[in-house]
Amino acid sequence: MLHLDQAVPVDPRFPLSGPELMEIFEGLAATFGLDEWQISLRIVDDREMAELNERFMGCLGPTNVLSFPGGEEDWLGDLVLSAETLARESWLYNQDTHEYTVRLLAHGLLHLMGHDHGQEMDALTELAVASVRLDAEESFRRLFPSV
């Protein structure tokens, strides 16, 4: 079960709602077999993400997603997502916001599951994106809403 904590107002360029995030998480949980695990997702701004990134990772500036593994029996861990970084990167990389959110959350979940960066993690991330991907018509509508 996902606990969604929106600590700050979501950046207006971040068009996903709480129900859409839940839909993504349910799809990822099914893909990775995590239906029985407890996970929290906190959505923050770049300022808070930069503080967390420096405090826990020793890195300056904001990042897109951080993972904090849980220590209890059914608690997989906590994910923190920067709405501002996600919006900025999806624009910079010319990616649909929904799909990019799936990619970042899959990446974070894989870290919670014990995976490190590398080919296996990249392949599993792409598998997750493919399994939760919007159909072509919906993706086109999101990328080009005025058409």
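Refer to the structure above for everything that follows.
The present account deals with the structure reproduced in this document. (Residues numbered from 1 in each chain as written. Predicted model: local features only at pLDDT ≥ 70, side-chain atom pairs only at ≥ 80, totals over all residues. Heavy atoms only, no water.)

What the rule picks out here adds up to two aromatic pairs. Their ring planes at 75° and their centres at 5.1 Å tell us that Phe56 and Phe68 sit as a pair that is edge-to-face. Note that Phe56 is positioned in helix α2 (residues 46–57) and Phe68 in strand β3 (residues 65–69), a separation of twelve residues in sequence. The partly exposed category is assigned to Phe56, whose relative accessible area is 44%. (Phe/Tyr/Trp six-rings, centres within 6.5 Å; stacked < 30°, edge-to-face > 60°. Helix = DSSP H or I, 4+ residues; strand = E, 2+ residues; numbered from the N terminus. Buried < 20%, exposed > 50% of the residue type's maximum accessible area, 1.4 Å probe, protein only.)

Attention now goes to the side chain of Ser40. Note that Ser40 resides in strand β2 (residues 38–44). Among the polar contacts listed, one links the side chain of Ser40 to the side chain of Asp78, at a separation of 2.3 Å. (Polar contact = N/O pair within 3.5 Å; in protein donor to acceptor, adjacent residues only side chain to side chain.)

Below, the discussion takes up the pattern of salt bridges. Enumeration over the complete set of coordinates arrives at five salt bridges. For Arg47, the salt bridge goes to Glu51, with nearest N and O atoms at 3.0 Å. Taken together, the residues span about one helical turn, with Arg47 and Glu51 both in helix α2 at a distance of four residues. The exposure class assigned to Glu51 is partly exposed, which follows from its relative accessible area of 46%. Of the charged contacts in the structure, one is a salt bridge between Glu99 and Arg103, with a shortest N-O distance of 3.9 Å. With Glu99 and Arg103 both in helix α4 (residues 97–112) and four residues apart, the pair spans about one turn of that helix. Assigned by exposure class, Glu99 and Arg103 land together as buried. Through salt bridges with shared partners, a single network forms among Glu99, Arg103 and Glu126. (Salt bridge = Lys/Arg side-chain N within 4 Å of Asp/Glu carboxyl O.)

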